[in-house]
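# A look at the structure
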Amino acid sequence: MQVTDVSRRSPVFLPPPNGNSHRSPGYVPGRIAPVRSPPPPKTKPSQKPSSDPQQGHSSYSFAVGEQKREQATTQRRRSKNTLVCFAVSLLAFFIVLILMLSLTTREVIDENCPDHNPALSSWNPGHDQQKTVIIRKGDLFRLESSATVNSIIIQKGGVLVFADDTEGFKNITLRTRYILIEDGGVLHIGAAKCRYRSKATITLFGRRDEGEEVPGFGRKFIGVRAGGSLELHGTEKLSWTFLSRTLPSSGLAAGGYSFERNFSRGINLRVLDQDTAEVLVVDRFDTHESKNDSRRLHEFLKSLHPGRIVSLAVGDSAVKSLLDETKRIIADLLGSTFVYNLKYRQAWALVGVIGGGNASCSEDVREHENHDTGGQAVARREFITVDGVRFSVSAYSEWREGFPISGFQVEVVDGVMLHMKDDVQSWNPGDRVIIASTDFSMYQAEEFSLLPCPECNKYQVKIQGKPQFTHVGEIIDAIDMRAEVGVLTRNILIHGEMENSCYGNNWCQFFSYDTFGGHIKILGNFTSVHLSHIELKNMGQQVKGSYPVHFHLCGDVDERGGYRTPTYLEGLAIHHSFSRCVAVHATNGLLIKDSVGYDTLGHCFFLEDGTEQRNTLYHNLGLVTKPGTLLPTDRNDTMCTSIRNKVYGNYIPVPATDCKAVSTFWISHPNNNLISNAAAGSQDTGIWYLFHSMSTGDTHGLSPETKAELTPLGIFYNNRVHSNFKAGLFIDKGVKTTNASAADPREYLCLDNNARFRPHVDADPKKPRAVALIDSLISFKNNDLGAWVRGGDILIKNSGFADNGIGLSFASDGSFPKDVGSSQEVSESLFVGESKNYGTNGGQNKYWGVGGGENKTRTLPRNKTFPIRGFQIYDGPVHLTKSTFKHFIPTSDRYTSAVGFFLKNPWQLTPRNNISSVKFETSVSLKVFFGISGPWFEENELDGDKNSIFHDVDGSVTGYKDAYVGRMDNFLIRHPDCINVTKWNGVICSGRYSQVFIQTWGSQNLSMSIVRDEYPSSPMTLRGINSQRASFQQYQPVVMIGKSYTVHWNGSAPKETVLYLINFDKGDWIQVGLCYPPDTTFQVMSDIYQRQSANFDSMEDYGPASSLEDLQKSMSERKFFFDNSTGLLLIFLHAKHSRDGHSYCSTQGCERVKITATIKSKDTSNCMTKAYPKYSKPPKAIIAMPPRTTTQCSNCGAAKMVFTSDPHKTYLQAQIKSLSKEEIQQGDNESFITVNGEMFSFAESGFFLVIVDACTGKVTKNTLFFQLDAKMEKYLNTGIPQRSIVLLSTRNKQSGFGSISQYLVSLGIAKAADLQIKESFAFFGFRGGVNTSWAKLFTAPAGKKLGLLEKYIPLELEEYGCTKADTPWRKDVELLKKALSKH
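Values in this document were obtained by computation on a predicted structure and should not be read as measured data.

Conventions and cut-offs
Residue numbers run consecutively from 1 along every chain, following the written order of its sequence. It should be noted that, the model being predicted, local features are given only for residues of pLDDT at least 70 and side-chain atom pairs only at 80 or more, the latter also being counted only at that level, while totals for whole chains, interfaces and linings use all residues. The side-chain figures draw on all heavy atoms in the structure; neither hydrogens nor water molecules are used. Helical segments are the DSSP runs of H or I of at least four residues, strand segments are the runs of E of at least two, and each set is numbered from the N terminus. Partly exposed describes any residue whose relative accessible area lies between the buried limit of under 20% and the exposed limit of over 50%, with all areas from a 1.4 Å probe on protein chains only and scaled to the type maximum. A contact between two residues is defined here by any heavy atoms of the two lying within 4.5 Å. Computed with the Shrake-Rupley method and a 1.4 Å probe, the accessible areas treat only the protein chains shown as cover for residues. Counted charges follow a simple rule, with Lys and Arg positive, Asp and Glu negative, and His plus the chain ends left uncounted. For charged residues, the charge sits on one atom: NZ in Lys, CZ in Arg, CG in Asp, CD in Glu. Structural elements are reduced to axes, namely lines fitted to C-alpha atoms, with helices fitted over the stretch in contact, and the angle between N-to-C directions of any two is expressed from 0 to 180 degrees. Should an angle fall under 35 degrees it is called roughly parallel, over 145 degrees roughly antiparallel, and 65 to 115 degrees roughly perpendicular, with every other angle called oblique. Left-handed is the label given to a crossing in which the near helix is rotated counterclockwise from the far helix by less than a right angle, and right-handed is the label when the rotation is clockwise. When residues are grouped by polarity, Ala, Val, Leu, Ile, Met, Phe, Trp, Tyr, Cys and Pro land in nonpolar, Asp, Glu, Lys and Arg in charged, and all others, Gly among them, in polar. Two aromatic rings, drawn from Phe, Tyr or Trp (for Trp, its six-membered ring), form a pair once their centres lie within 6.5 Å of each other, and the interplanar angle then sorts them: stacked below 30 degrees, edge-to-face above 60, tilted otherwise. For a Lys NZ or an Arg CZ to count as sitting over a ring, it must be within 6 Å of the ring centre and within 35 degrees of the ring normal. Strands pair, by our definition, only if DSSP identifies at least two bridges between them. Any carboxyl oxygen of Asp or Glu within 4 Å of a side-chain nitrogen of Lys or Arg constitutes a salt bridge here. Think of a polar contact as two N or O atoms within 3.5 Å of one another; within protein, one of them needs to be a possible hydrogen donor and the other a possible acceptor, and neighboring residues in sequence only count if both atoms come from side chains. We call a pair of cysteine sulfur atoms a disulfide whenever their separation is within 2.5 Å. The directions from the helix axis to the C-beta atoms form the arc being described. Patch membership is restricted to residues that have no salt bridge and whose relative accessible area is over 30%. Joining uses 9 Å for like charges and 5 Å for the nonpolar side chains Val, Leu, Ile, Met, Phe, Trp and Tyr. What pLDDT conveys is the predictor's confidence in a given residue, as a value from 0 to 100.

### A word on the overall build of the chain
The helix and strand inventory of the chain stands at 12 helices and 98 strands. For the chain, with 1383 residues in total, the buried portion stands at 59%. Relative to all contacts within the chain whose residues are 6 or more apart in sequence, the contacts with residues 24 or more apart total 71%. Only carbon and sulfur atoms are counted for the fraction: they give 50% of the accessible area of the chain, which is about 53,500 Å². Within the chain, one finds 153 positive and 142 negative side-chain charges whose respective centroids are separated by 2 Å.

### Quick word on the packing of helix α3 (residues 291-303) against helix α4 (residues 324-334)
The N-to-C vectors of α3 and α4 enclose an angle of 25°; their axes lie 9 Å apart at closest approach. Classified by the angle their axes make, α3 and α4 are roughly parallel. Taken as a pair, α3 and α4 cross one another with a handedness that is left-handed. When α3 is examined against α4, the residues S294, R295, L297, H298, L301 and K302 are found in contact with a partner set consisting of E325, T326, I329, I330 and L333. The residue makeup of the contact of α3 with α4, split by class, is 5 nonpolar, 3 polar and 3 charged.

### Brief notes about the environment of F971
Among the structural elements, F971 can be located in the loop between β73 (963-967) and β74 (979-981). Exposure remark for F971: the relative accessible area of 23% places this residue in the partly exposed category. Counting along the chain gives 369 residues from F971 to G602, while the straight-line C-alpha distance between them is 50 Å. For F971, the contacting residues outside a window of four places in its chain are R1012, Y1015 and S1018.

### Regarding the packing of aromatic side chains
Counted according to the given criterion, the structure contains 53 aromatic pairs. Judged by centre distance (6.3 Å) and plane angle (35°), the rings of F285 and F300 are tilted. Here F285, found in strand β18 (residues 279-285), pairs with F300, found in helix α3; they are 15 residues apart in sequence, far enough to count as distant. Side by side, F285 and F300 carry an identical accessibility label, which is buried. The rings of F801, F810, F831, F871, F885, F888 and F920 are connected pair by pair, giving a single aromatic cluster. Stacked on the ring of F205, the Lys or Arg R175 has its end atom at 4.5 Å from the ring centre.

### Quick word on the sheet that holds strand β27 (residues 416-419)
The strand order across the open sheet built from 6 strands is β15-β33-β28-β29-β30-β27, with neighbouring strands paired in antiparallel fashion. Sheet topology places β15 (240-242) and β27 at the edges, where each strand pairs with a single neighbour. Each adjacent strand pair in this sheet contributes to an overall mean axis angle of 40°, direction not counted. Bridge analysis of β27 against strand β30 (residues 460-463) gives 4 bridges, and the strand direction is antiparallel. Looking at β30, one finds that H419 is bridged to Q460.

### Structural notes on unusual backbone geometry
Omega for the bond connecting G792 with D793 falls within 30 degrees of zero, at 0°, which places this linkage in the cis form. With omega at 10°, the peptide bond leading from G876 into P877 counts as cis. Phi at D477 takes a positive value of approximately 50°, unusual for a residue other than glycine. Within the element layout of this structure, D477 appears in the loop between β31 (475-476) and β32 (479-480). Even without being glycine, A478 reaches a positive phi, approximately 75°. When you line up the elements, A478 lands in the loop between β31 and β32. Since its relative accessible area comes to 1%, A478 is described here as buried.

### Overview of the side chain of D115
In this structure, D115 sits in the loop between α2 (83-105) and β3 (121-123). Despite its burial, D115 pairs with no opposite charge; the closest candidate is R197, at 5.2 Å N-O. A distance of 3.2 Å separates a polar atom in the side chain of D115 from the backbone nitrogen of D164. Those residues in contact with D115 that sit more than four places away from it in its chain are L120, R142, V161, F162, A163 and D164.

### A closer look at the pairing of strand β58 (residues 785-790)
Burial analysis of β58 places 6 of its 6 residues in the buried class, the great majority of the element. In the sheet, strand β53 (residues 727-731) pairs with β58 via 4 bridges, with the strands oriented parallel. Residue pairing across strands places L729 opposite A787, the latter belonging to β58. In terms of strand pairing, β58 meets strand β61 (residues 806-811) through 5 bridges, oriented parallel. Following the sheet pairing, A787 is matched in β61 by L808.

### A word on the state of the cysteines
A complete count under the given rule lists 10 disulfides for this structure. There is a disulfide in this structure between C581 and C604, and the S-S distance comes to 2.1 Å. Here the S-S torsion is close to -100°, and the disulfide linking C581 with C604 is therefore left-handed. Of this pair, C581 sits in the loop between β40 (573-575) and β41 (582-588) while C604 sits in the loop between β43 (596-601) and β44 (605-607), and the two are 23 residues apart along the sequence. Note on C581: relative accessible area 0%, which makes it buried. Note that C1193 is cross-linked by a disulfide to C1196, the S-S spacing being 1.9 Å. Here the S-S torsion is close to 85°, and the disulfide linking C1193 with C1196 is therefore right-handed. C1196 sits in the buried class, given a relative accessible area of 11%. Here C554 stays free of any disulfide, with the sulfur of C581 as its closest cysteine sulfur at 18 Å.

### Some remarks on the pattern of salt bridges
Applying the stated rule across the entire model yields 81 salt bridges. Put simply, R328 and D332 hold a salt bridge, and the shortest N to O gap is 2.9 Å. Taken together, the residues R328 and D332, both in helix α4 and 4 residues apart, mark about one turn of the helix. Overall, D332 belongs to the partly exposed group, its relative accessible area being 45%. Within the structure, one salt-bridge network assembled from shared partners comprises K421, D422, D480, R482, E484, R720 and D1206.

### Side note on helix α12 (residues 1371-1381)
Taken together, the buried positions of α12 are occupied by D1372, L1375, L1376 and A1379. One face of α12 carries all of its buried residues, which in axial projection span an arc of 105°. On its buried face, α12 is in contact with β42 (591-593), β45 (616-618), β48 (673-675) and β51 (716-717).

### Re the sheet that holds strand β81 (residues 1044-1049)
If you trace the 7 strands from one edge of the open sheet to the other, you get β78-β77-β81-β83-β88-β87-β86, paired in mixed fashion. For this open sheet the edge positions go to β78 (1020-1022) and β86 (1103-1104), each flanked by a neighbour on one side alone. Note: strand β83 (residues 1069-1075) against strand β88 (residues 1128-1134), 7 bridges, orientation antiparallel. If you follow V1072 over to β88, its bridge partner there is I1131.

### Section: the environment of D1065
Counting through the fold element by element, D1065 comes out in the loop between β82 (1056-1062) and β83. C-alpha separation for the pair D1065 and T1156, spaced 91 residues apart in sequence, amounts to 26 Å. Of note is the side chain of D1065, whose polar atom sits 3.2 Å from the side chain of R1139.

### Topic: α4
What α4 keeps buried is the set T326, K327, I329, I330, A331 and L334. At the exit of α4 stands G335, carrying a positive phi of roughly 80°.

### Concerning a negative patch on the surface
A surface patch of like charges, here negative, comprises E367, E369, D372 and E401. E401 sits in the exposed class, given a relative accessible area of 71%.

### What to know about the confidence of the model for the chain
Overall, the prediction assigns the chain a mean pLDDT of 91, with 91% of residues at 70 or greater. For the stretch residues 1-70, pLDDT sits under 50, and the model shows 113 contacts to residues farther than four places along the chain or on other chains. In this model, residues 99-106 is a region of pLDDT below 50 whose contacts with residues beyond four sequence positions or in other chains number 5 contacts.

Right, dumping it as C-alpha cells:
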C-alpha cells in the first residue's frame, strides 16, 4: 500500500491576536462548547484505529520529530539573519493584502461558518481506496473536492470541514469505509447558524464479508467516541406536512381510464364529462356489418348535449355499412374531415367535442397494408376539469402483426399537482417526496419526484407520474385524515453503497436485496453531536447496534449531562433503511424533531433497553415500518418461527405472543415525551408503550429496577396513528428479561405479557395514582385496533377514532386480587364507524365490500364479516363520557355497533363500567351489541361474554337514567320490569350490582353453575379462568345486590372455596348457598386480605345457625347454615366497610369468606333438583325501573366539532344539502346549509347563499334568490365582501341554472361548468384574491343525489387577507418548551 506524507502548509489566514487565540486547536467557529471539558473515555480506546500506520492500511499523517527539527533549524537561522524578519514582515503585509482582496472579491467571512475558519487549510486527498487518513492535532482541513479513501480517523484536536460557497455550487462526495471521530476530533458540514448550502455526500462503502471490523463500531460507519464532535447542518427544509386537497388515484377525481382490445369491429365510442373527465358512455357500433348500428350511432350523437367529449376509434373496419347520414352527423357535430373518405380496414381515431367544430377535433388515419398499418392512428386533445386538473383524451387505431387494435386513454397531463397545508417553497424540482397511505394498508404510500412548476403557489408542488391510490387531503366526518407528505431529499446525504442483491450471511432467506448499509453510532462522553436537515439513505444493517443513527450508552445528553446546547436530531430524512431509523439506547434527554423515517426494517424510532427517559420526540413522521430479524418483537410470522438460534431446545416460537410487534415508535419507558408525531403505517403497531421490569440488553443488571410500570407517563399530545395492521396505539406488555431455559424456552427479549402500567406519583405504589393523559390522539384506518390501552389510571380525551376494526379498547391493569382497582376514562372524543373515506382497493388491502351509510363499496378491516365496534368494553372499570358516535350501521355481512364487547372473553367484567353524556347521531343504527352465536363470536358462551354489563348513568344510551345494560339471557341481573332490546341482544334493568370473586382449590376443570332463586330455571354456567394453568380456578359472576343465589358444580365440590366481595359498598349483601354432599363438614371463616403486604387481618370464625330463619335474622353476624336436605351451605356475604374510588375492595382491605370442606363423597355436587322449588322466590325489582327520558340531552357528546392534527387552527364546519325536483317528489323536503351546527333552512325553490367571514367565522348574510336574475348577478359580481366563504345550495331547477357557473369562476372553480344538464348542485367557494384548495363544485345529474355534503374549512388564514396575529398560542409548542425545561 502507498504511504503518503504531506508537509504541513501555513494557513492562508492567521488567527488574530485577541481572546480567540485562547481557543483550543479543535475550535471551529459556530460550535458552542459544552459546559464541561471533554471527559476522558471510560475505557481504553481500541488499538485498531490508532495502530502503527505501517500496520494494515497506509496512513496519511505527519512526522512529529521531523517537524521539531525543522522548527529548531528555522530558529537558528532567524537568530543569525535579520533578513528573515524583513521577509516575515513582508509576508504579513501580503497576507493582509490578500485578506482585503478576499473581503472585496469573495464572500464576507462569517465566524459562524466552520469553513470560514482562517486556520483551515485546503485539502484535496484525491482518490485512493487503500489510503487510511489520520487527522490529528494541528491538522485543520477544509475538504475542497471529492475524494475516496479507505478510512478517516479524526482525533486529538484534528478538524475536517467540508468547503462551501455562497451560491451553493460545491458538490463534494467523500467515499470511505468509515469515519471515526474521537478525543477532540471534529467533523463539520455546516453549522446551526451557518447552514451548508452546497451538495455534500458521504458514501460509506464495503461489504459485510470483507475487511476487519472496528471494535465497538463494526464496518461501514461514522462513529463518535468520547471527546468527538459531529456537526452536520444542511439547508433548512420543511420536513413534512399534510395534503390540503384529496389526491385521487390517477390524479383525476373520476379516475383515469385505459382500454385496449383486439377485433372490436366497427366504431368504438367513449363519451366523457368535460367538467370531470368521467367516462359516461362505453359503446360499440358495428358500422361494417350493420346499417342499424350506423343509424343508432348518429341518433346517439344527436342526443348528446353540446360540450360533451366524444372519442372514436375503428376496430378492424367500419365503412361497409357506414351511412352517409352518419358521416354527415360526425362531420357536423364533431368537426371530422376524414370520415367521408374512410376506406376498408383503414385505421381511424377521433377526439372531438359535440358542437365544437373543426377547432375542437383531433383525428388521424393510417392506411392498411398486408394486415399492418404504418403506425397508429392517434387522436389526442387536452382539456381541464372544473377543479383545474389538465387531462388528455386519446383514441387510437391500428393493425399490429395482423390484429386490429383499438383503444382509449384518459390521463392527467404535465404532472399531478399536490396542494399542501403548509408553505413548501423550500422543496425543489428533483426532490423526492413520500405521500402516506390514508387507507388500511401502509403499502399505499407512494414516492414521487417533484417537477418544475412555475404556475404553483407556495402551497403547491407538482409530481412526476400518477398516483395508484387515493390519498385523502381533507377532514372527513370531523376526523383529520389528511395524508402526510414528507420530503426525502436534503443537500447533505449520507448513504450506504449497496450491492445489487443479497449475499452471504445477510438473512437472504428473508431479503432479496443487500441489507448491509451504513450507520452512525455515537458513544458516551462525546463533546458535541447535532444533526439537522440531512438525508440518510440505505443506512442500517441487520446487525445488532448498527442503525442509521444510534446513541449508544450516552447517558444524559442535555444540560443534566453538562451540555450547554442539548443534543438534538432535527429535520432528518431517513429512508430506505435496513434497520430502524433512530435508536436511543441508555440515553436520556435527546430531542428528535421534525424528522421523517420511511421504509425501514424493524422498529423505527426505537427506545431500546427500558432505561431511556426524558427523551422528546416532536413532530416526527414514520411510515412503512416493516419486519426485521434483530429482535423477536421485530419479526413477522416467518421470521419468528424460522429464527430459533436463541430459544431453548426444540421450542417453536408462537408469532402472535412472542413476536409480531414491530412499531414505528417503540417506547420502552413511559417517562418520555411524544408531541405531534405521526405513525403512518407499520406492519404491526404505530406507537407501542411497553414496560420493562428491569433493564435489558447492554444495560442488563446495571439498573435492575426501572420502575417503568409505576412511572408516570410523560407528555402525550397531538399524535396520530393510522394505516397500521395491528393497532394504532398500544399500551401494554413487556419483554422477557431472562435467557431461554428449560423452565421458559422462549427467546430473551421476546414479547411477554408480564407488565401492567399502573403509574403512581414518584413511581411509588404507596403514593397516589398519577393519571396518564393521552390527549388529542387521532387514530384511523387501523386494521385491528385504533388503540389498546391496559392499565390505570389512564385518561384519553379530545381524541378521534375512525374506520378502525375496533376504535378503542381498555383493559384493566390486571386480574383481581392483584389489581388494586384502577380505572380508565375516555371523554370529549369522537368515534366514527365507517366514514366517507372509502379507500382504494389494492396495495395489499385484503378486504373490499359494501358498507357505511351510503352502502358504497369500500376497503374493510380484518374481514368482510368482522364486527366493527367503536368503543369496546373488555373488563373494567371504564368510564365513557362526553363523546359522540356516528356512522355505525350494520350490513348483511357484519354487525357494526357503537359500543361492543371483547370477543370470546373468558375474563371478568365489572358493573362499574359507566357510560354517560354520550351522543349517538342519526347515522348510528346499532348503539350496543352483546354478540350472538356465529362468525367471530363463536358460541358467545365464555364467562366474560355472559357477564357483559355496563351502567348507563344518565340514560344517554338507553333513555333510562341509572339503568344497567346486560346480556338478554343473563337472569342473575334481571327482574320482571327489565326491558329487552332484541336488536342489541341486551336487556335494560334497574338495580344495584356487584361481583363475587370465587376462587376454588382442590378440584380441577370444574364448571360452576350459579342460579338466582327467583329464576331457578335459568342458571348461568361458568367455565372459570386459568383452569389449565394453575392449581386453582376463579369465577366472577355479576350479581344483583340484595338477592339470593345458589352455586353448583359439574363434579365433586372443591375442598377450599374463597369468596371475595368485589365492588360491594358498606352494607351491601347477598345470600349464597354452595352445594356439597350431605355428610360434608366445614370450617368457615372471614378475614380481610391486604394486597400490598399479602397479610390477613380481622380473622373470625363462622358458627352454625340453627335454621335458615335464624341465619336470615342475623345476616350481619358470622354464621352459616347447612341444609342437609338440599346439600346447600348457606351464608351471607355482607360488606362491613366502605369502599373508596375505583378500588374493588374496601378501604380496610378485601373482605372475604373462606370455606374449607371435608368431603367424603366424590359425587357430583349439583343440588339444583333438591334446592328448587324449595328455595324458589317470586322475582321482583328492588329498585323500580326509572321512567324513560323524553327530553334530548343538551350537553351530551363531545364539545369539539372537529378533531385535527393542527388543533391550534380554527376550522368551520359547513354542510350543504341541495334537492333536485325528483328528490322533492320522492318526499325529501329538507334543503339547508349549516355553519358550525347552526342550520339555515329554505323551503322555496331557488338558489340559497350563506356568506361567512373567513377571518371570524361569523355568518354575515343568508339570502334566497328564486332565479338567476340581474339582482343575483349583481350580488355575485359585487355584493359578496372580500375574505368571504361562499356556500351555495339549490332547490329544484330554476331559471338560470345553466348560466350561473360563469359567476362561480371568480369564487374558486377553474372554468365555467355545464350545469344545464345537471339536476342539482352545491358549491363551497371563496371571494378573495387567492384560489383555495378547498373550493369545490358538486353536481348531480338526473337520477342521482348529492346527499349531505360536508367540509371543514380553515379560518383566519393569512392568505385570505386576515390580520395576522402576533404569535398564535400553540399548545404543542408550549408542551415542547415544558418538556425541554425539565432537562
